[in-house]
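Geometric and topological summary
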Amino acid sequence: MYRSSIRSMAVGGLRRMALGLTLLLPAITWPQNFTEIKPTPQQTAWQDLEFGVILHFSTNTFLDREWGDGTASPSTFNPTSLDTRQWMKAIRASGAKYVVLVAKHHDGFCLWPTGQTDYSIKASPWKDGKGDLVREAAEAARAEGLRFGVYLSPWDRHEPKYKDNAAYDAYYRAELEELASHYGDLVEFWLDGAGSGGHVYDFKKIIETLRTYQPNTIVFADTGLFEYGDARWAGDESGKVEYENWNVVDRHGYLRWRPIEVDTPLRKLHWFWHANDEASLKSVDDLMDSYEHSVGKGGQWMLGVAPDNRGLLPDSDVARLKELGEAIQKHYGAAKNVAASAVMPDAETRKALDNDTDTFWSAPAGSHSATFEVRLAKPTSVDRALTMEWLTDGQMVQTYRIEAWVDGAWKPVLSGHAIGHKKIDRFPTVTTSRFRLNLLSTAGTARIREFQLFAAEN
């Protein structure tokens, strides 16, 4: 994008100089390496949310389907006990900070009374066609202190206009305009291009439409939509990041800050609710493993939750979400951070130990390595650490070690690379009163928001 525009300017300049004209151009620069790429304030605020839930609920719910083909009658959609407040209470108990509602899945059925098609809840028996599920979900989320976003599937297996690229894109943008202008601030917009059957979308105009009404919304998209997304997909739905996670990614020599989102359903392989499916509910241990390999690898965790055909989250799902929230607090709650009670740290080090992500410890200006020590009041058995970088000026830590003072010397208990937004490290239990974060190699001046230690559990 930048290179093509610069090339055009250069050609124009040569033509003018050929005519004997003097052309004075301002110096044009763009980031050349990873350390020069910075996040926007919207991106760092979104990364601080860490954990969201995506809600799948549509005609598929009533037909035992994952992928609808666009032929289901609107009369299929008829929940008898729908309660969005019940959804949001359970989601809040899990520790999630926001929700994304699938307002339209690939079957094309819309959960709000859109003016673009009759294939929506206004043609359903639910509330005699006068309901608006997007509004109910948005209001319930905010009432429970959750941010709200939407997913509007580009692929539409019902709409006849889909065969005409230009006509369908205008239709899609009109739907997007409704969602972006009538339901308050949207924290995230999912732009998932699953399926699509060869349709070529005008993503530039789609994002222009969104930004007209929602300038601060984070756009989640596959890395292939590199120019238009603000966050990128992890690459699969396993719920885990198994690689070193850098926020800056390179696509064809073009660098951008693209934090990662890791999506996985609460039920194995199922995004929508299915009857007689209790065996698919993931255990708390499975979910915590996913949490540690998503949020704990510097990513955003997006957990899929699905109401049943009553319009309620099943009791088993509600209980599991509550158990998940309790497990996160049990393992990584601020009260469990033994480093917060460190003995007489200096004022700068205290900023990394205080359970306050608005403060940070800074390495010496211009340094490319640094250390700081944590002294506990007594020897403590520790088996986990949580480290966060302050990312406003970019991701700096390239190689680090967590070390413990054992038998009169510093000994490494863990070595790692990228930290980013948050890194959870587990290691064999070590008992001592002195620990150290040793930043072996940094791209620039490193800043650490939090360095937390957790006592080994019995």
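Let me begin by describing the structure that accompanies this report. Just so you know, these numbers come straight off a predicted model, no measurement behind them. Along each chain, residues carry numbers from 1 onward, in the same order as the chain's sequence is written. For this predicted model, a pLDDT threshold of at least 70 governs which residues receive local features, and a threshold of 80 or more governs which side-chain atom pairs are given and counted, while totals over whole chains, interfaces and linings are taken from all residues. Where side-chain values are given, they derive from all heavy atoms of the structure, hydrogens and water being excluded.

So, the packing of helix H8 (residues 284-292) against helix H9 (residues 315-332)
Interhelical geometry of H8 versus H9 gives an angle of 55° and a closest axis separation of 10 Å. Classified by the angle their axes make, H8 and H9 are oblique. Crossing of H8 against H9: the hand is right-handed. Here Val 284, Leu 287, Met 288, Tyr 291 and Glu 292 of H8 come into contact with H9, specifically with Arg 320, Glu 323, Leu 324, Ala 327, Ile 328, His 331 and Tyr 332. Residues that form the contact of H8 with H9 fall into these classes: eight nonpolar, one polar and three charged. Comment: axis = line fitted to C-alpha atoms, over the contacting stretch for helices; angle = value between 0 and 180 degrees taken between N-to-C directions. Each helix is a run of H or I in the DSSP string that is no shorter than four residues. Each strand is a run of E no shorter than two, and both are numbered from the N terminus. Angle categories are assigned with fixed cut-offs, so that under 35 degrees is roughly parallel, over 145 is roughly antiparallel, 65 to 115 is roughly perpendicular, and the rest are oblique. Throughout, a crossing is termed right-handed when the near helix is turned clockwise from the far one, and left-handed when it is turned anticlockwise from it by less than a right angle. In what follows, residue pairs with any heavy atoms lying within 4.5 Å of each other are defined as contacts. Each residue is assigned to one class: nonpolar for Ala, Val, Leu, Ile, Met, Phe, Trp, Tyr, Cys and Pro, charged for Asp, Glu, Lys and Arg, and polar for all the others, Gly among them.

So, empty space enclosed by the protein
Only protein atoms enter the 1 Å grid used here, on which a cavity is any set of points holding a 1.4 Å probe that cannot leave and a pocket is any open set flanked by protein within 12 Å on both sides along at least five of seven lines; residues with an atom within 4 Å of a point are listed as lining. Grid points are joined across faces, edges and corners, and a volume is the space filled by probe spheres set on the points. Using the criterion set out here, one finds two cavities of 30 Å³ or more in the structure. Put simply, the largest cavity is a space of about 40 Å³. What lines the largest cavity is simply Leu 266, Arg 267, His 270, Trp 271, Gly 304, Val 305, Ala 306 and Asp 317. By volume, the second largest cavity is sized at about 30 Å³. Lining the second largest cavity are Ala 221, Asp 222, Thr 223, Leu 225, Phe 226, Gly 229, Ala 231, Arg 232 and Arg 258. Considering only residue class, the lining of the second largest cavity consists of four nonpolar, two polar and three charged.

Regarding the sheet that holds strand E13 (residues 397-406)
Read from one edge of the open sheet, six strands run E11-E16-E12-E15-E13-E14, paired in antiparallel fashion. For this open sheet the edge positions go to strand E11 (361-362) and strand E14 (409-416), each flanked by a neighbour on one side alone. Looking at chain direction, strand E12 (residues 370-389) and strand E16 (residues 447-455) are connected through seven bridges and run antiparallel. Paired with Glu 389 across the strands is Ile 448, a residue of E16. Docked against the sheet, H9 engages E12, strand E15 (423-442) and E16, running at close to 110° with respect to E12. Any two strands with at least two DSSP-identified bridges between them are counted as paired.

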